[in-house]
There are 6 protein chains.
Amino acid sequence: MPADDLQALRALNAAVLSDTLDSLGLMNQAMRPFMRPLDETLPLIGRARTGVYVPVAEHRDGENPYEVEIALVDDLQLHDVVVLACDGPTDRIAPWGELLSTAAVARGAAGCVTDGLVRDVRQIREMRFPVFCGGIGPLDTKGRARMVERDVPVQCAGVLVRPGDLVFGDVDGVVVVPRVHEAVVLQRALDKVKGENLSRDALRQGEKLADVFRRLGIL
Amino acid sequence: MPADDLQALRALNAAVLSDTLDSLGLMNQAMRPFMRPLDETLPLIGRARTGVYVPVAEHRDGENPYEVEIALVDDLQLHDVVVLACDGPTDRIAPWGELLSTAAVARGAAGCVTDGLVRDVRQIREMRFPVFCGGIGPLDTKGRARMVERDVPVQCAGVLVRPGDLVFGDVDGVVVVPRVHEAVVLQRALDKVKGENLSRDALRQGEKLADVFRRLGIL
Amino acid sequence: MPADDLQALRALNAAVLSDTLDSLGLMNQAMRPFMRPLDETLPLIGRARTGVYVPVAEHRDGENPYEVEIALVDDLQLHDVVVLACDGPTDRIAPWGELLSTAAVARGAAGCVTDGLVRDVRQIREMRFPVFCGGIGPLDTKGRARMVERDVPVQCAGVLVRPGDLVFGDVDGVVVVPRVHEAVVLQRALDKVKGENLSRDALRQGEKLADVFRRLGIL
Amino acid sequence: MPADDLQALRALNAAVLSDTLDSLGLMNQAMRPFMRPLDETLPLIGRARTGVYVPVAEHRDGENPYEVEIALVDDLQLHDVVVLACDGPTDRIAPWGELLSTAAVARGAAGCVTDGLVRDVRQIREMRFPVFCGGIGPLDTKGRARMVERDVPVQCAGVLVRPGDLVFGDVDGVVVVPRVHEAVVLQRALDKVKGENLSRDALRQGEKLADVFRRLGIL
Amino acid sequence: MPADDLQALRALNAAVLSDTLDSLGLMNQAMRPFMRPLDETLPLIGRARTGVYVPVAEHRDGENPYEVEIALVDDLQLHDVVVLACDGPTDRIAPWGELLSTAAVARGAAGCVTDGLVRDVRQIREMRFPVFCGGIGPLDTKGRARMVERDVPVQCAGVLVRPGDLVFGDVDGVVVVPRVHEAVVLQRALDKVKGENLSRDALRQGEKLADVFRRLGIL
Amino acid sequence: MPADDLQALRALNAAVLSDTLDSLGLMNQAMRPFMRPLDETLPLIGRARTGVYVPVAEHRDGENPYEVEIALVDDLQLHDVVVLACDGPTDRIAPWGELLSTAAVARGAAGCVTDGLVRDVRQIREMRFPVFCGGIGPLDTKGRARMVERDVPVQCAGVLVRPGDLVFGDVDGVVVVPRVHEAVVLQRALDKVKGENLSRDALRQGEKLADVFRRLGIL
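Rules and cut-offs
- Residues numbered from 1 in each chain as written.
- Chains lettered and ligands numbered in written order.
- Predicted model: local features only at pLDDT ≥ 70, side-chain atom pairs only at ≥ 80, totals over all residues.
- Heavy atoms only, no water.
- Salt bridge = Lys/Arg side-chain N within 4 Å of Asp/Glu carboxyl O.
- Helix = DSSP H or I, 4+ residues; strand = E, 2+ residues; numbered from the N terminus.
- Buried < 20%, exposed > 50% of the residue type's maximum accessible area, 1.4 Å probe, protein only.
- Core = buried A, V, L, I, M, F, W, Y, C linked by side-chain atoms within 4.5 Å.
- Contact = heavy atoms within 4.5 Å.
- Buried area = accessible area lost by both parts, 1.4 Å probe.
- Polar contact = N/O pair within 3.5 Å; in protein donor to acceptor, adjacent residues only side chain to side chain.
- Nonpolar A, V, L, I, M, F, W, Y, C, P; charged D, E, K, R; others polar.
- Least-squares fit on C-alpha atoms with pLDDT ≥ 70 in both.
- pLDDT = per-residue confidence, 0-100.
- Axes fitted to C-alpha atoms, helices over the stretch in contact; angles between N-to-C directions.
- Parallel < 35°, antiparallel > 145°, perpendicular 65-115°, else oblique.
- Left-handed = near helix turned anticlockwise from the far one by under 90°.

The next point concerns the pattern of salt bridges. Close approach of charged atoms lets side chains of opposite charge pair. By the definition in use, this model includes 150 salt bridges over all chains. Note that A:Glu126 is salt-bridged to A:Arg122, the shortest N-O span being 3.1 Å. With A:Glu126 and A:Arg122 both in helix H5 (residues 121-127), this residue pair falls four residues apart, about one helical turn. D:Arg49 is the partner of D:Asp80 in a salt bridge, and the nearest nitrogen-oxygen pair spans 2.9 Å. Within this pair, whereas D:Asp80 is found in strand E3 (residues 80-85), its partner D:Arg49 is found in strand E2 (residues 44-55), the two being separated by 31 residues in sequence. We note that D:Asp80, like D:Arg49, is buried. Members of the salt-bridge network, linked through shared partners, are A:Asp19, A:Lys192, A:Glu196, B:Arg119 and B:Asp120.

So, on to the nonpolar core. Most often, soluble globular proteins keep nonpolar side chains buried together rather than apart. Core analysis: the largest hydrophobic core is formed by 44 residues, its most contacted members being A:Met31, A:Val113, F:Met31 and F:Val113. Every residue in contact with F:Met31, bar those within four places of it in the chain, is listed here: F:Val113, F:Cys156, F:Ala157, F:Val159, F:Val161, F:Val174 and F:Val176.

You'll often see interface size given as the accessible area lost when the parts meet. Between chain B and chain A, the residue contacts involve 28 residues of the former and 27 residues of the latter. Three residues, B:Leu99, B:Ile136 and B:Pro138, lead the burial of chain B against chain A; their summed loss comes to 26% of the area buried on that side. Inspection of the region where chain B meets chain A yields five salt bridges. Between the two partners, chain B and chain A, sit 13 residue pairs in polar contact (both at pLDDT 80 or more). Where the side of chain B that touches chain A is concerned, the elements lending two or more residues are helix H3 (67-74), helix H4 (98-106) and helix H5 (121-127) of chain B. A total of six residues in the side of chain B that touches chain A trace back to one element, the largest contributor, which is H4(B). When grouped by side-chain class, the residues that make up the side of chain B that touches chain A number twelve nonpolar, five polar and eleven charged.

Looking now at the arrangement of the chains. When C-alpha atoms are compared, chain C and chain E, though not in contact, are closest at a spacing of 17 Å. At the level of C-alpha atoms, the two units chain C and chain F stay apart, their nearest approach being 12 Å.

What follows deals with the environment of B:Arg36. Relative to the elements of secondary structure, B:Arg36 occurs in strand E1 (residues 36-37). Placed 183 residues apart in sequence, B:Arg36 and B:Leu219 show a C-alpha to C-alpha distance of 25 Å. Residues within four places of B:Arg36 in sequence aside, it is in contact with B:Val131, B:Phe132, B:Cys133, B:Val171, B:Asp172, B:Gly173 and C:Ile136. A polar side-chain atom of B:Arg36 sits 3.1 Å from a polar atom in the side chain of B:Glu40. Polar contacts involving the side chain of B:Arg36 include one to the main-chain carbonyl oxygen of B:Val171, which spans 2.9 Å.

The two copies are related by a screw motion: chain A maps onto chain F through a turn of 180° and a shift of 0.0 Å along the axis, at an RMSD of 0.0 Å. These values place the two chain copies in the arrangement generated by a two-fold rotation axis. When C-alpha positions in chain A are compared against the rotation axis, the closest is assigned to A:Val54, at 2.7 Å. Residue by residue, 100% of the interface of chain A is reproduced at the interface of chain F, so both copies engage with the same surface.

The next point concerns the confidence of the model for chain A. The pLDDT averaged across chain A works out to 94; a share of 98% of its residues lies at or above 70. ipTM for the predicted complex: 0.95, alongside a pTM of 0.94.

Residue and element names in this part refer to chain A. The geometry of helix H2 (residues 14-23) relative to helix H6 (residues 182-204) is characterised by a closest axis approach of 9 Å and an angle of 120° between their N-to-C directions. Taken together, H2 and H6 sit at an angle that is classed as oblique. In this structure, H2 meets H6 at a crossing whose hand is right-handed. On the side of H2, the interface is formed by Val16, Leu17, Asp19, Thr20, Leu21 and Ser23, while H6 contributes Val185, Leu186, Arg188, Ala189, Lys192, Val193 and Glu196. Considering only residue class, the contact of H2 with H6 consists of seven nonpolar, two polar and four charged.

Structure follows, in structure tokens:
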């Protein structure tokens, strides 16, 4: 993603992207609200790199339980967003923590999104690495789950995420923009932001909602 | 609500109101704990103005999906609390956001309570407008739900709220005082606050709970 | 617990304790993630003093609904952690609040853990008394539930807690170390913290996860 | 309950009782629908004898885990309905089974209602003893829960049940008639049954619902 | 629907229709599994006539709470399937029962599907009227919910149902075939039934699944 | 499993096995009660052959979505019980149906247990093949989930099942006997069945529960 594009995207937010996707008939692009940011002040923008976890009943000796996720993290590129699908909400596994965050930051990754839990929350916040997760808990995946595939389409928190899809998160939640619709969505969303500014100004001056909506068509 | 009354109410809190309602046999006046404030430092006091949402399967052309809620917001009066019943907890709709908050503030409304989701959280916090909600998410109601009635009795987060009921919220949750019981409840609650101060002082000085409870009857 | 031991424990955290317990085959020692601290900056270390609540359908006249919990709190010793089992998550009762916290602080208790709700959140935070709970709500237990036993083994948020077990909480959650395994767990955990420091440093310098994990065996 | 009364009650059903209770403003007398009969052909009519369970974390040696429930069952009288409150739905305990059913039948009890699980389902069905429960499972209460009180008001599947209340169950569910309202409810319900017969006949003959409802006021 | 078509559809079943819809990329046409038939031996085939319920907090005097549903039922045509959307699963309302079934049968309706509860189960089974529902319970809608619209697109048990869509139910569940895809789906489904017969015969004779799947491509 | 052993096991039931496992401290061997038999009259006895499913977001061309489960079913031996772990309860996938049942019967398998859904319920019942499942639904796994491993330890409906463990199911539920404890459990369970017969006879003759329990120690 060129730097110019990223700069433009910072004017957007999850709500306006969600509205724009809705207007194209893409009504299922916002992750479910159990997904919350560890730090509400850190927005997230980047492209999806996916992994999917399967529950395991117990650790088997001689097996490296982290093999696939190590490969995924070591292969991260600038602006990649790690998307870990755990069939969440779950209260059983925390597939992301401080050490993986440290490795991801070292490769220029933009953040992490998981419908599982996250641990080492204090340290991750200190790194200011954007993480959106299904909850917080200390439980390592070893003996509980294992990443079995990476860089495949996944379901995460109710949304289909394909590798390379644009992932956007802020305090209002996480929205996924499918790559094939990206250009249209971003242009429309930037236009809508301008319209909302007009509405807000009119409402602040005491104009009636009915009049503003009739005039600008935006709510 | 006269200014004097409001001033007195600021000495109250959700817990003492809940205890007082309990003591009158009104055991079901606290909204369920999934209801949380967007800003834990902002208490909410005012009178209910209600609206109720019904799910819709898709947006139909030519229909104004916001008609009833626009009418409700444009009719808000000083100290009104918007109460939006979505049969929550829901993860499907965010009926409240920045523009509606802006319009509500312009009319002197006291806050908003909804068992649905809320969006534009950053902007609403900046406005310091008290909002208590069932969660956070970007999903507009258009094509998902529609307000079908306003200013009728509603069930919100497990509590029956009638138009004009007193709605009180703080970090401990949201409590609804039915209008017919209001005078008794407020007087008893103010009395109880004084008793709690005595208990607290005694406990700080190391007196045993058993003795304090025997003497003051308050826990 | 001697002061030296406590000092050493402050170097630990919930995640490393959970991993250590896992390594001993004790995979069920972390409370479920609905348990959250009222103040994420306050760690909790101490020994369990337990109580268990049973729902009651209505308050019966002449009965002291707080009898057993008063006895428990009045008997607290230095570093005790009150563990209140409510079969949570529940949205019906808040067995802990400001007055009980005040009494517990006066006896030197280390904190409170409950899978029920907590009330008087603002005041408890001001006291800087560590509380981990299943939610926030104003509902007193009177007429809703009653503590029927204390200082017995309980299930709290999915974990078996016996009186005297070590209870550790931080922003990542609550972990219970059974007394019989305590010495081994604490020693191993302190060792693991050192290994993690090595891993973190290597990753910050850009070393691949695969190499770090092969070399140090820690993730 | 005299035999004449019982005979009259057999003309009633859960739906008409629920409607009648509604008409008196008693809107919360039907147990939640997870409660199902083991045998859909067996109606249940009788008076409540209650017990309440509290979870225990483990069995303690030397304790009789069944003490209170044995006392309850040994004290059952003709037409009594055992009502076991487990804070259900639960998937952890089955407080009722074949041996307790056998003992209850020997004392003339009318049936059992529990929001916990039931076991020995095949044998209980063969006895044609009416049981309504929150599920089926083999888990004994020993080491999991214990009845701590009997013959007290309880909450069972969302309904307040006081000792002596009339408990009515059929394939549509379980309805509780508070003793204080019993005479009025039963008389009104018997009247309503007659009105429904008129409506049914008119509808069978093809009369429009709108006309039938206008004429008879019953739906 | 001409009689010939209906005859052909009886060779189909929910599973083969679901597979066929899947093969066209329509992966969300099967209602969630909490939807069960009152009588597992009665299949359901017909066209959707929809209604949507909104919760109400209490009955208001002078209002006919059944107005819209009476109009819907009185307007039913041959082979219509009543589809009642209650935002289920719910444990609060039973919008369908014996009297409405009687009226629907008198108009030639094919059955009823609701994600709410159903009451008068014994009588409906005796009528052999196919009903698929989210549960069983006696609670009338009056004072709890009200149908606010009919013959509009609805969400029922997770599926979008438009008026006129083909609704198919059997013991495996309820599948909705959108009208626009109907011709293709039915033809493909009838073809698939034949292929499954070949597979079944081969497997019965002991052929390996791997060989059968390689040869026929059907599982 | 020799024929003699199987004959003896038919005298057992899920409840007595559960009690026996409890008495050895194995308190977590009964699957959760959402697991129900398709046919309540068919008991299930055999040894576990396991498979584990992982959600997939969409079907990928050129991939055989059934590869591992075909291999598992083609390898079934006499008295094997297929145990399919779907991280249930789920409403998304039905990994078992008529064709797999047909193939399993042809190999002498004893039944199937899955915490996912099952389809083709009518046909499976006609085959009298014992299946215990988490629900009923028509949704094929293709494009929704894929078996990624077989013959490994799995978590199914809350119980750890290792390949070769004894799986026992009847109308009361499914119980898993770990292989290592099998001999002790079966012997003790057969003894307990005899004791229960004595208790039942005494209770039928009207003896008090308190006396029976004191004398025989069995409830």
